[in-house]
Each structure stands twice: as structure tokens, then as C-alpha cells.
Amino acid sequence: MSTTILGIDIGSTKICAIIAQKNDDGDIKILGAGIAKSQGLKKGIITNIDLASKSIRNALNDAKRVAGTQYERVIVSISGAYTKSVDSSGIVNIPNRDIGIKEINRAMQMADHNANIPNEYEKLHVLPYNFKVDDQEFIEDPLGMNGARLEVQVHIITAQKSSLSNLRKAVKSAGVEIDNIVLNCYASAIAVLNHDERELGVAVIDMGGATCNVMIHAGNSMRFNDYLGVGSLNITNDLSTALHTPLGAAEEIKINYGSLKSNSSELIELPVIGDDGSTHEVSLNIVSNVIYVRVEETLMILAKTLEDSSFKEQIGAGVVLTGGMTKLDGIRELASAIFDNVPIRIAKPREMDGLFETLRDPSYSTAIGLVLYGGGHFTPYEIDSNKKLRYKDETIEPTRHHQETFDDGDETEEGDIGTAPQADNAKEKLKDLANIQEEESEGFGSKLWNRLTQLF
């Protein structure tokens, strides 16, 4: 039986709604898409629920008109700006020595329970990166194996409860009930990574309109994620300031002449900000240098993020760049130099049936990843935002006894090894991964001014 999936990517510059159908063979076909300009959002954060809801509704209505069908599952993205991450682990005994899906579920629920999460945060994803059966580590999939004890280590993504509530309200006001919420860089990784990159370890950086979101895939799952509040809109603002031209004209310059390696002395005519009817001429070389300064600063911060992550040695496949900002000419070469000559790939969403030409663009990676997630393309095991275990295209509810045991706090499920949070020495400390801010405007302005004065 086929399933119809709606994916809604809520970005800082655009809202993209995609309706897709998954058939009995597991193949996914795009049926329709709608795109609307974002309102009520800033740097991935909802600042006005009514305006955000209106943008979501506009994108959704366009998608429904094209698809001509209703949807059954609704998957929505959330920005890394809202999130924090922590690692945890859980151990359970296997009395009958036969590891089935229920035993894996018990181990993951135990790891989930053991995690030390602040009260104001809610879990989005519980992603296992290492299974251990008895004394054997790095088990890719323990299902069907024989053993007396199963241990799992997980990476947990959490989000602010207030932000999730605002997101749900905005989407509900648009007439949609959310089935699942997915971290945007996780969705992008689903859409762009190939098998070899997953095997070797890779960093995915989604460079969007107002944010850059980073995730590292190593082993079997995501191991690290982070957020930077800088994107291609900052380039637009820089051009507007440096060239004394309105934001609309600056955006057109970026789209039409955006390059990091232009040495052209060709002059273009631009309107003057605040002076209707007046124009002035600017060299494309100056345009290129303004863009270069901003992109160089952004990539240097991202490179420092990877350096500080402690996972840089595990990204054998290098760095995959996606998102709208990657369409700038020359960004791959600059990134390669800044990231110490690690392999750099500019990625578009994977091909699939019905993919419109418009969607074959790096800026739609997250939206495509959402419908793929809804169709069963994700980490083999995962506890999702509904607290259900996802395995392939199945979801498994926690048992009532399991939930009651965790609620009690003084007991463990029969056969489990007691791993109360205060006694779990193996648990890693909570990491604040959403703390990188956009650089101070004064410092950047000084650097930009120095670069421009050298040109004249």
C-alpha cells in the first residue's frame, strides 16, 4: 500500500513543501512542490507565529495544487539554532540470549532514560552509533545475534521545548498536524550522502540563507552537530553596505555576479540607496572582494568548528557542502584551501522519480531529505521525536511496563542492568554545540574596509 508524505522545510529565506508518494517497493516519487518566501523567521528561529504560518500555508497550498492529492505523514524541519546534543549509553541483559527488535528497543530506551537532559529541552533524535554484544564492540546491526548482554551508545539531539511549541503552533495554524520533527542538517545528510561517504566518515555543512548547520557522520550515525548564525543573506547585507545600494539590488548582484575569483574590471550600474533615480558604477572586482571576505570568514569559523569537534580525524571522506550559498562560483576551491586540503564535494539532492528541475538544487537538500526520512531512509535504528523506535519503515512503541519502570526511577526492567544517571560513569557530559555566534560586526567591518581601501 502506497503512502503519501509531506515534507516542510522551514528555512530562514524560504519555506519549501514537497509532497511525495512511497510505493509498495519502497521507491519514492515527487508529486508536487510549493515554495514561499519566509516571513516571521530570523536565523532559523520563529519570531512571528502568524507570519510564519502564512508562509507555510502558501507553500503548502501550491504543493497541493501541483500534486492533486492529500498527504498522510507530515515531516517538518527544525533549525540547529534550537538544539543541544549529548551522548548516552544503555545496557540490558538478554535472558533468552536471542537479540530481537524488542531487546534493541529496550537497550535504546535505557540509553534514552539515562541521558541527563535539562528540563527546558525535549529529545528529537536518539541515534545509536555503536552496539556491543557481550564483549564484542562495533556491531553494525545486532538483530538476530546471540548474546547475554546488549549495550548501545547513542547521540541524542534535543531542542528547546518553547521553540518546538512555537514550531508546532505555526504549522498547526497552517492547517497541518506534525507527525515528526527532524533536524535540518540530518535531513540534508540523508538527501546528499552516498554509501562510501557514510562508511568513511564525513562532515556535512548546509550553508543556507541565514544559517550554516554542521553535522558529522562517523561509524553508523551522526556523532556531532553544530550551528552558525551566518549565511548568504550576510553577503547581501555586506554588498548593500559596501556599495551603498538597496538590499534588493544587492541580492540581484549576488545572484547574477556572485563569484569568489573574478578579476574583471567591468563596471555595472547600481541604484544608490536613499536616492531614487540616482545610479553609480561599481567594478565587478570590488563585488567579488566583498563576497570573498564574508565567505572566507564563514569558512574559517566552520573549519575551526570541525577542528574543535574532536571528530576531524574520522572524516575520511572529507567535507560535503550543500545549501544555497554553495552556488557561489569558486567556493569549492576556497573551502579546500581553508579546510587543509581535505576532499570537498558540492552536493545536490539525490536523483529520484518525479524530481522537478527546480528541486535539483543544493538549496533544496533539506526538503528532499525530509520526504526521504518519511519514507524510511534514516539511521537503521532511531528513537524519533514521538519517542517511537524507528526500524527501516516500521515504528515500535515503548511497552507500557517499560515506560512505567522509567517513570518510577527506582526500578529497572526485569533483565536490565541498573544504570541510574548518577551511577553511570561512562556517560559523557552535556555539550553546548549551538554556541557559535556570528562574528562581531565591528571586527568584520574593519576587515572589509581595509580590503576595500587597498583596491582604490
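Residues numbered from 1 in each chain as written. Predicted model: local features only at pLDDT ≥ 70, side-chain atom pairs only at ≥ 80, totals over all residues. Heavy atoms only, no water.

Along the protein chain, the regular secondary structure elements total 12 helices and 21 strands. A burial count over the protein chain gives 56% of its 456 residues as buried. Nonlocal contacts in the protein chain, meaning residues at least 24 apart in sequence, comprise 69% of its contacts between residues at least 6 apart. Here the protein chain displays about 20100 Å² of accessible surface, and carbon together with sulfur accounts for 46% of that area. (Helix = DSSP H or I, 4+ residues; strand = E, 2+ residues; numbered from the N terminus. Buried < 20%, exposed > 50% of the residue type's maximum accessible area, 1.4 Å probe, protein only. Contact = heavy atoms within 4.5 Å. Areas by Shrake-Rupley, 256 points an atom, 1.4 Å probe, with all protein chains shown as cover.)

Attention now moves to a negative patch on the surface. Where like charges cluster on the molecular surface, the negative patch consists of Asp24, Asp25, Asp27 and Asp353. Counting through the fold element by element, Asp353 comes out in the loop between β18 (344–346) and α10 (365–374). (Patch = residues over 30% accessible without salt bridge, like charges linked within 9 Å, V, L, I, M, F, W, Y side chains within 5 Å. Salt bridge = Lys/Arg side-chain N within 4 Å of Asp/Glu carboxyl O. Lys, Arg positive; Asp, Glu negative; His and termini not counted. Charge placed at Lys NZ, Arg CZ, Asp CG, Glu CD.)

This paragraph deals with the packing of helix α8 (residues 284–308) against helix α9 (residues 331–338). Contact pair α8 / α9: the axes reach a minimum separation of 10 Å and the direction vectors enclose 40 degrees. It follows that α8 is oblique to α9 by the angle criterion. Considering the relative orientation of α8 and α9, their crossing is right-handed. On α9, the residues touching Tyr292, Val295, Glu296, Leu299, Met300 and Ala303 of α8 are Ile331, Leu334, Ala335 and Ile338. (Axes fitted to C-alpha atoms, helices over the stretch in contact; angles between N-to-C directions. Parallel < 35°, antiparallel > 145°, perpendicular 65-115°, else oblique. Left-handed = near helix turned anticlockwise from the far one by under 90°.)

Moving on: the sheet that holds strand β11 (residues 180–183). Judged by pairing direction, the sheet is mixed, and its five strands sit side by side in the order β3-β2-β1-β6-β11 without closing on themselves. A single partner strand is all that each edge strand has here, and the edge strands are β3 (28–37) and β11. Between one strand axis and the next, the sheet turns by 20 degrees as a mean value, whatever way the strands run. Two elements, strand β2 (residues 14–22) and β3, share nine bridges in a ladder whose sense is antiparallel. (Pairing = 2+ DSSP bridges.)

Another aspect to go through is the packing of aromatic side chains. Tallied over the full model, the rule gives four aromatic pairs. Both rings, one in Tyr373 and one in Phe378, keep their centres 5.3 Å apart while their planes meet at 50 degrees; by these two values the pair is tilted. Across this residue pair, the class does not change: Tyr373 and Phe378 are buried. Judged by centre distance (4.9 Å) and plane angle (15 degrees), the ring pair of Tyr381 and Tyr391 falls under stacked. (Phe/Tyr/Trp six-rings, centres within 6.5 Å; stacked < 30°, edge-to-face > 60°.)

Looking now at the pattern of salt bridges. On inspection of all chains with the given rule, the structure shows 15 salt bridges. Among the ionic pairs, Lys304 bridges to Asp308, the shortest N-O distance being 2.7 Å. Of the two residues, Lys304 and Asp308 both sit in helix α8, four residues apart, roughly one turn of that helix. Each of Glu307, Lys312 and Asp340 takes part in salt bridges that share partners, so that together they form one network.

As a further point, take the layout of surface pockets. One simple way to see leftover space: roll a probe sized like a water molecule over the atoms. Taken as a whole, the largest pocket encloses approximately 1200 Å³ of empty space. Thr13, Gly208, Gly209, Ser232 and Leu233 are the residues nearest the centre of the largest pocket, which is lined by 44 residues in total. Elements supplying a minimum of two residues to the lining of the largest pocket: β1 (3–10), β4 (41–42), β12 (202–207), α6 (232–243), α7 (247–257) and α10. Looking at side-chain class alone, the lining of the largest pocket contains 11 nonpolar, 22 polar and 11 charged residues. Empty space within the second largest pocket amounts to approximately 600 Å³. Around the second largest pocket sit 21 residues that line it, and Glu140, Arg198, Phe378, Thr379 and Pro380 are the ones nearest its centre. Here the lining of the second largest pocket gets three residues from one element, more than from any other, and that element is helix α5 (residues 195–200). Taken together, the residues of the lining of the second largest pocket break down into four nonpolar, nine polar and eight charged. (1 Å grid on protein atoms, 1.4 Å probe; cavity = no way out; pocket = protein on both sides within 12 Å on 5 of 7 lines; lining within 4 Å. Points joined across faces, edges and corners; volume = space filled by probe spheres on them. Nonpolar A, V, L, I, M, F, W, Y, C, P; charged D, E, K, R; others polar.)

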